[in-house]
Every structure is written in structure tokens, then in C-alpha cells.
Amino acid sequence: MKKFDLSKISKSIVVFVVVMIFLLSSCNSEEKIVKVSDGFRNYYEIFVRSFNDTNKDGIGDINGVTSKLDYISQSVGADGIWLMPIMPSPSYHKYDITDYYSIDPKYGSIKDFESLIDQAHKRDVKVIIDLVLNHTSNLHPWFDNAVKALWEGKESKYSDYYNFTLEDKGQGYSKITDKYYYECRFVSNMPDLNLDNPMLREEILEITKFWIGKGVDGFRLDAVTSFYTGDNAKNIEFLSWLNKGIKAMKTDAYIVGEAWSDSGTIEEYYKSGIDSFFNFPYSQASGEIVSALNNRFGTDYANKLKLWNSSIEKINPTAKDAMFLSNHDNGRSAGFLMRNPVKEKMAAALYLLTPGNPFIYYGEELGMTGSGKDENKRLPMLWSLTDKSGITSPPPGSTQTIDGIKGADEQIKDNESLINYYRKILLIKERNPEIARGKITVIDVGQANREVCAFACTFNEKKVYVFHNLSEKDILISLDLLDWKNLEIRDFLVTNAEAKPLLKNGSITLPALSTTILR
């Protein structure tokens, strides 16, 4: 009978296990290059009231968001969610909060929210929530206690939570007692908070700690230029303090601020260290994206994109641009893109295939419309034209309806639909992480081809090339300036289903109104 040397067998097993661990860890690290949770996400903005109603009361709810997580992550392809205000409030929009530590009962409960977070994280979807710190509701207990103290001539810590004055300072102030006025820059039922108050600042940190404890992955900060109206320096100081406080609790918390202003002001706000600020100069009907698309200024768009990203990174090396087309305060993009599916697809490619964290407004992927008063910009999500389950009642006061487009259920089945174009774009970003994370260099395609937007994104010494042809005709581009022999067509998006790019003999033919990715 042959004897086996057990020591040798044991050594062989150990070697085998070590090799397998190495190989598996190598696979995992390669996977992380693509799926790394390093703060780069594609966010989907949701107005909960109008999104999905699960209890048939006409109002969208937290459970409605949870039940549509597969739609958000699979049908659209987003891996982040921004929830507009979900805290108790007397208004339909909920930007006037009465309790920072609860969920509005019309939306559900804290337990519902915890379930949403749990289910989102199981799908690798991050969740950020709106944090409104410029003001509260005039029905907030803080304000109620402050006013009672003023009437009774008593001291209260809450009296210093707001900006009371004996002087009528005109616009932006309202009278509250026989001699006191209070600051309210938006409307009288939204009294501004006194963010200089140390006790209030501690309260704000407690609020963020509470929600981080519930599992949120970050915050969207409302109206950051109004914290100290007209004083950017003080606004930036407060944001810097808040950013440090939140990151001390959760180092990877993502914070994006609403600085609705010009590019110079937004650049200045990046001094605060905040991760992102919404890129208003590139959004809306008059922004750079629509201008480039309408005027076919591809090369100009590439140059501006490069300059913008370089500028904010110079101020804050970890800055992440936050592109968007439209949001709850703007007329929906389908309207200013003339409800033209080709323009909607090209606009989506222009803003989603850029470095940073883009934001998709719910229903934008369907071509939903809405303009004018705010209620019209927040109409019910169009899940179906025939199945009304989950579809909410319109916001009170809205005067428009949505017509001329198919519901989500039909569009998902149509390979050439707008939603599937969004999905294809986000799949391209998943396969090419350099686009979201990389540094931009502009590719010179020549003045004769200025309708082509061409740039490279470099990340971890890997490079991907993005070509947008904004022309209505095919364009031939020489790749002599690139190492074209080692390039291949990685992905492409065409608005004409029968067209496709062709890479041959050191040149590439770009189909009209298309996007091509080379590696």
C-alpha cells in the first residue's frame, strides 16, 4: 500500500488556497474599478408626492419609491436617488419643515424609510435627502416658542434661532408682534434661521446625525446662497463648517448644494469643500447643453467642458460636477427641446457622459412635460396610459396635463424609446468608468468639423474617447493625432437605428446625431 506524505499534501493545499485568494482578490479589484463606490453616481431626483402611490390616497409615498427601485436601477440605470423634502410640512412641496426628525405622515413612517434605505442598499443604490436649512415653517415649534417669548417679554433660546429685529428692513422681512419683525427671504411663512447661533448649529449636526443613523448616504442642501443673503463669504464659511461636521460622522457622505447662480459664483462656493454644486449654467433652456445642441457648437462645448472641470478641480481637487437638464424648479427639458426625441436623446448623452455626478429628474427619461408654475413642473409620474395603479393626483393648483408620450410600461418594451436611450447611456458609463472619474482633454478635430464634440477622459492611466456628432450629416474624422492603431469602437449611440460608426484606415465616420466611444 502506497504511503502519502501528508505534510506535502498540506503544503500543496496551502499554496492552492493562497493562489486562489490572490486570483479572487484580483478579480474583485478589477470589478471595483468598474463598480467602485467612490462617490461617483448617477442620481435620480424624486418628488415623492408625484412619484408612486401605494395606498391609493392620491399622494405618492415612501413605499412607492421602494416598490420602484428596480425601475430606477434597472430600467433607467441610475445608482443614486435624491429625495426632495420628506419631513413633515404643511405645504405640498414640503420646503417649509415643521419637524426635522420625522417623515411626513402623508408619505409614510420612519419604518417605511428604513425599509427604503435597506432595499436601496441591497441594489447598490445610494440615497440622499433634501436638507432645508435656510428656513423652517412658521408652524415649527422653534418659531412658535420664539414668538410666544417675544410676546410675553420672556427669554427663550429659540428667539435667537431666527433673525428678529426691531427695525422694518423692507423686502424680505415681515412683522410678527407690535414691534418685532423677522427675516423671511422667500415667503412670510418661511422664517429664516439664524445660522450664526451656536446652539442652532449643534442642533443641525444632531439632525444630520439622526438621518445618517437611519442610513442616508448624504444630503442635498437647499438654497445655499440664501443662508446669509448677499454674503457669499459667510455662506461659504457655513458650508465649510457643515461639510466638516457631516464628514466627521460619515467620511463618504455625499453633499451637493443648490447655488442657483452664475459659473463664477459657483466656482467660488467650491472653496467650501462641498463635493458638488448643481451646474446651473449648463442646464435649462438657456444653458450650455441646449445651446451647443441647437447651434451645433460641438468643439466649443468640449472646450468649455474642459475649462469648467479644470476650474472647479483647481479650487477643490475632489470636486464632482453635478450636471442636469432640468429639475423641480425649471420647465421640463422635453418642452425646451421642442418635444423632439432626437434632441432629447442627444441632450441626454451630452450631460450624462461627462465627469461627475449627473442628476436625472423623474420622468425626464420618458419625455414628460411641464412648465410655468411650480406645480406644473411636478406632475404625476406617467407609469402607464392604461393602468392607473400607482399614478398620483396632480399637485393642487396645477393647470397642465401630460400628453403625446407613451407611459413607462410601453417605452420599456421599445428598444428605440427615450428611456432605453438613457439606459444605454448609463450602461456605457458603467463599462467605461473613466468618463465619470477622468480628467478631460479636448481632441482637435479641426475647424471644419466644429459640429463634433470630442474629448478624452483619463483615469488611472486608462483613457476613453468620447465623440458627439451634433450635425445632421455623417462626419469623417482623422485620428492621426491619436494612437489609432490601438483604438477600437467600445460603444456607440445612434438616433437613427440603421446607422453605426465605422473605424477604418486611421479615420472614423461618425453617423449624424450620434455618440461614439473609443478605447
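None of these values were measured; they are calculated from a predicted model.

(A) Inspection of the side chain of Asp 222 at higher detail. On the secondary structure map, Asp 222 appears in the loop between strand S7 (218-221) and helix H7 (232-249). Polar contacts involving the side chain of Asp 222 include one to the side chain of Arg 220, which spans 3.0 Å. When neighbours within four sequence positions are excluded, Asp 222 is seen to be in contact with Tyr 95, Asp 130, Leu 131, Val 132, His 135, Phe 227 and Glu 258.

(B) Structural view of the pattern of salt bridges. Applying the stated rule across the entire model yields 26 salt bridges. With its nearest N and O atoms 2.8 Å apart, the salt bridge here joins Lys 234 to Asp 196. Remark: Asp 196 occurs in the loop between strand S6 (181-183) and helix H6 (198-213) and Lys 234 occurs in helix H7; sequence separation between them is 38 residues. Asp 196 gets classed as partly exposed once you look at its relative accessible area, which sits at 39%. With its nearest N and O atoms 3.0 Å apart, the salt bridge here joins Arg 220 to Asp 222. For the pair Arg 220 and Asp 222, one class covers both residues: buried.

(C) Representation of the packing of helix H9 (residues 288-295) against helix H12 (residues 341-352) within the structure. Where H9 meets H12, the axes come as close as 10 Å, and the angle between the chain directions of the two elements is 130 degrees. Judged by the angle between their axes, H9 and H12 are oblique. In this structure, H9 meets H12 at a crossing whose hand is right-handed. In contact with Ile 289, Leu 293 and Asn 294 of H9, H12 contributes Lys 343, Met 346, Ala 347, Leu 350 and Tyr 351.

Criteria and cut-off values
Residue numbers run consecutively from 1 along every chain, following the written order of its sequence. Local features are withheld for residues below a pLDDT of 70 in this predicted model, meaning they are given only at 70 or higher, and side-chain atom pairs are given and counted only at 80 or more; totals for whole chains, interfaces and linings count all residues. Here the side-chain values reflect all heavy atoms present in the structure, with hydrogen atoms and water set aside. Helix and strand definitions here come from DSSP, where helices need a minimum of 4 consecutive H or I residues and strands a minimum of 2 consecutive E residues; each element is numbered from the N-terminal end. By the criterion applied in these results, polar contacts are pairs of N or O atoms within 3.5 Å in which, for protein atoms, one can donate a hydrogen and the other can accept it, and in which residues neighboring in sequence qualify only through two side-chain atoms. Residues count as neighbours in contact if any of their non-hydrogen atoms are within 4.5 Å of one another. Salt bridge, as applied in this entry: a Lys or Arg side-chain nitrogen positioned within 4 Å of an Asp or Glu carboxyl oxygen. Residue burial is assigned from relative accessible area. The probe radius is 1.4 Å, only protein chains are included, and a residue is buried under 20% of its type maximum, exposed over 50%, and partly exposed in between. Between N-to-C directions, angles cover 0 to 180 degrees, with each direction set by a line fitted to C-alpha atoms, over the stretch in contact for helices. Here the word oblique covers every angle except those under 35 degrees (roughly parallel), over 145 (roughly antiparallel) and from 65 to 115 (roughly perpendicular). The hand of a helix crossing depends on one turn: near helix anticlockwise from the far one by less than a right angle means left-handed, and clockwise means right-handed.

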